[in-house]
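The lines below spell out each chain.
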Amino acid sequence: MADVTIYEGALDKGLEGIVACTTKISFIVGDSLNFRGYTIDDLAANSTFEEVTYLLWNDKLPNTQELAAFSAELRKEMILSSDLIKVLKGIPTNVHPMGWLRTAVSLMAHWDADANDNSVEANKRKSVRLTAKMGSLLCAFDAIRKGKEPVTPKADKSIAWNMMYMLGGGSEPSSEHVRVMDTCLILHADHELNCSAFATRVTASSLSDLHSAIVSAIGALKGPLHGGANEQVILMLQKIGNMEKAQQFVKDALQAKEKVMGIGHRVYKNGDPRARILRGMSEKLTRAAGIHHMYEMSTLIDDTMYKEKGLMPNVDFYSATVYFSMGIATDLFTPIFAASRISGWCAHACEQYANNRIYRPRGKWLGKEGLKWVPTAQR
Ligand code: COA
């Protein structure tokens, strides 16, 4: 195996600390997350999901006219065609919504006239359609599984407004819940070279089409070590049940070398800025929803994990109780993550296409060498 040139630093399991590409989309500096040079705290406090999506795709904040035109373009693409809905109704709904969403996005490609056009312009058009429709898709799933017709989104309202409207079966959402959803969409919109963004870029690097890259990303996000953790947090809180058991639960999990969901991060070692924002939102929303004990359990787990292991919550930890407080079904938490992260995935795919070289790493050989084939009868 002498001809294999391996950079020793690249041998780390999980590629920790390895720089795999150059990017201008988002970057983590210490415990601060930046989108195109703006901190996530600044954007979460002042922006909207539509504006942040424009920023991620265009490397600048839009002016009033640009934002109005872009928002209108996105919002008119939120509606799912009746042909697509007819086919979506044929996908089994007794499956995990992320599996359903993966199939739905793959199906959507067959209704997209640009599906196999990899030009910059076609990828922009597809990015708009995918980003506009991801929220509508997950809401359609929720309606279809309840035996109802998907609610048609309103083109004069934001994506966040429409997600709360569709999830609520067509009832007018409260302005507070719409703002919370919009903030969650902003917070999850991108996150540097996380597992699903990398999966997007790997697929795009073969010059495969955008829908294929996004299907790869949804598959990566589905896992409990990535986006799937938010759903697991609620299941964990429900299993623990009350404050008295929370501390012991953490100690037992650590003793058994089991992961406590929503805690820890590969890059942030002094805390995830998104978790700090979500913690405040969770405190308020759980109180209003009469489930403040779930927030209290969460903070006890948070403190115990820090004391025992020096680990802090990530974005999935407090977003779980935020969504739960708004009455959203637990298995829709990760699809909501996808409805936001789609904007980042599209940005990563387009950046990859613009400066591409196929990803083709090497593996360090640890297996046997020099064996000779022998006939079956002699083995
Ligand atoms: N619960 C318990 N222990 C944890 C932990 C958690 N959530 N996260 C990390 N650790 C421990 C590991 O057991 C390991 O301990 P050890 O050195 O004593 O063996 C150490 O911290 C390093 O963990 P490791 O899994 O190697 O870190 P990673 O960088 O590969 O993984 C995560 C990062 C996020 C995948 C990991 O922290 C995790 O699995 N968290 C739970 C899932 C989650 O919330 N995912 C969402 C990420 S945004």
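As the structure is a prediction and not an experimental result, all values here were calculated from the model.

Calculation criteria
- Here, residues in each chain are numbered from 1, in the same order as that chain's written sequence.
- Whole-chain, interface and lining totals are the exception, using all residues; otherwise, since this is a predicted model, local features are given only for residues with pLDDT of at least 70 and side-chain atom pairs are given and counted only at 80 or more.
- By convention in this description, side-chain values take in all heavy atoms of the structure and omit both hydrogens and water.
- Under the DSSP-based scheme used, a helix requires at least four consecutive residues in state H or I and a strand at least two consecutive residues in state E, with every element numbered from the N terminus.
- Values of the radius of gyration come from C-alpha atoms, whereas the globule rule sets the reference at 2.2 Å times the count of residues to the power 0.38.
- A simple rule labels every residue: compare its accessible area, found with a 1.4 Å probe on the protein chains alone, to the largest value its type can have, and call it buried under 20%, exposed over 50%, or partly exposed in between.
- We call two residues in contact whenever any of their non-hydrogen atoms come within 4.5 Å of each other.
- Computed by Shrake-Rupley with a 1.4 Å probe, the accessible areas treat only the displayed protein chains as cover when residues are assessed.
- Identification of polar contacts relies on pairs of N or O atoms within 3.5 Å, with a donor-acceptor requirement for protein atoms, meaning one able to donate a hydrogen and the other able to accept it, and with residues adjacent in sequence counted only if both atoms are side-chain atoms.
- Geometry of aromatic contacts follows a simple scheme: Phe, Tyr and Trp rings, the Trp one being its six-membered ring, pair when their centres are within 6.5 Å, and the pair is stacked under 30 degrees between planes, edge-to-face over 60, tilted otherwise.
- Two conditions define a charge located above a ring, namely a distance within 6 Å from the ring centre to NZ of Lys or CZ of Arg, and an angle within 35 degrees of the ring normal.
- Summary of the distance rule: residues count as near a molecule or strand when at least one heavy atom falls within 4 Å of that molecule or strand.
- Residues are grouped as follows: nonpolar covers Ala, Val, Leu, Ile, Met, Phe, Trp, Tyr, Cys and Pro; charged covers Asp, Glu, Lys and Arg; every other residue, Gly included, is treated as polar.
- Expected helix span is taken as 1.5 Å per residue step, with the number of steps being one fewer than the number of residues.

Asker: Looking at this model, I keep getting lost on the overall build of the protein. Mind explaining?
Answerer: Scanning the protein from terminus to terminus reveals 16 helices and three strands. For a compact globule of 379 residues, the expected C-alpha radius of gyration is about 21 Å, and the protein comes in at 22 Å, within 12% of that figure. Every one of the 379 residues in the protein was classed for burial, and the buried ones make up 50%. Relative to all contacts within the protein whose residues are 6 or more apart in sequence, the contacts with residues 24 or more apart total 74%. About 18,300 Å² of surface is accessible on the protein, with carbon and sulfur atoms providing 53% of the total.

Asker: Just checking my understanding: could you explain the environment of D190 for this structure?
Answerer: With respect to the element layout, D190 can be found in the loop between α8 (175-188) and α9 (195-204). With a relative accessible area of 0%, D190 lands in the buried category. When the C-alpha atoms of D190 and L33 are compared, they prove to be 9.4 Å apart, with 157 residues separating the residues in sequence. Setting aside residues no more than four positions away along its own chain, D190 makes contact with I25, S26, L33, F35, L56, R341, G344 and H348. In terms of polar contacts, D190 uses its side chain to reach the side chain of S26, at 2.6 Å.

Asker: Any chance you could explain the side chain of T299 here in plain terms?
Answerer: Mapped onto the secondary structure, T299 falls in helix α14 (residues 292-309). Residue classification places T299 among the buried positions, given a relative accessible area of 12%.

Asker: Would you take a moment to explain the packing of aromatic side chains for this structure?
Answerer: Two aromatic rings, taken as a pair, are described by how far apart their centres are and by the angle between their planes. If you walk through the whole model with that rule in mind, you get eight aromatic pairs. With a centroid separation of 5.3 Å and 55 degrees between ring planes, the pair formed by Y323 and F333 is classed as tilted. With Y323 in helix α15 (residues 315-325) and F333 in helix α16 (residues 333-354), this residue pair connects regions lying ten residues apart in the sequence. Look at F333 and you get buried, because its relative accessible area is 0%. Grouped by ring-pair contacts, the aromatic residues Y54, W57 and F70 constitute a single cluster. Taking NZ or CZ as reference, K157 lies 5.1 Å from the ring centre of W161, over its face.

Asker: What's the story with the site of the ligand in this structure? I'm lost.
Answerer: Contacts to the ligand come from 19 residues, most closely from V260, G262, I263, R266 and K309. L225 places a main-chain nitrogen or oxygen 3.0 Å from a nitrogen atom of the ligand. The separation between an oxygen atom of the ligand and a polar main-chain atom of G262 is 2.8 Å. In isolation the ligand exposes 850 Å². Once the protein is present, 67% of that is buried. Class assignment of the residues belonging to the shell around the ligand gives a composition of nine nonpolar, five polar and five charged.

Asker: What's the story with α8 in this structure? I'm lost.
Answerer: An α-helical turn contains 3.6 residues, so a residue and the one three or four places further along point in the same direction. The end-to-end C-alpha separation of α8 is 20 Å, in line with the 20 Å expected for 14 residues at 1.5 Å each. Here α8 lies mainly inside the structure; ten of its 14 residues are buried. Along α8, the residues classified as buried are V178, V180, M181, D182, T183, C184, L185, I186, L187 and H188.

Asker: Explain unusual backbone geometry to me, please; I cannot follow it from the model alone.
Answerer: Note: most residues except glycine have negative phi, and most peptide bonds are trans. The phi dihedral of E192 is positive, around 55 degrees, even though this residue is not glycine. For E192, the position within the fold is in the loop between α8 and α9. Judged by its relative accessible area of 17%, E192 is buried. Backbone geometry places K257, a non-glycine residue, at a positive phi of 60 degrees. Relative to the elements of secondary structure, K257 occurs in the loop between α12 (243-255) and α13 (273-288).

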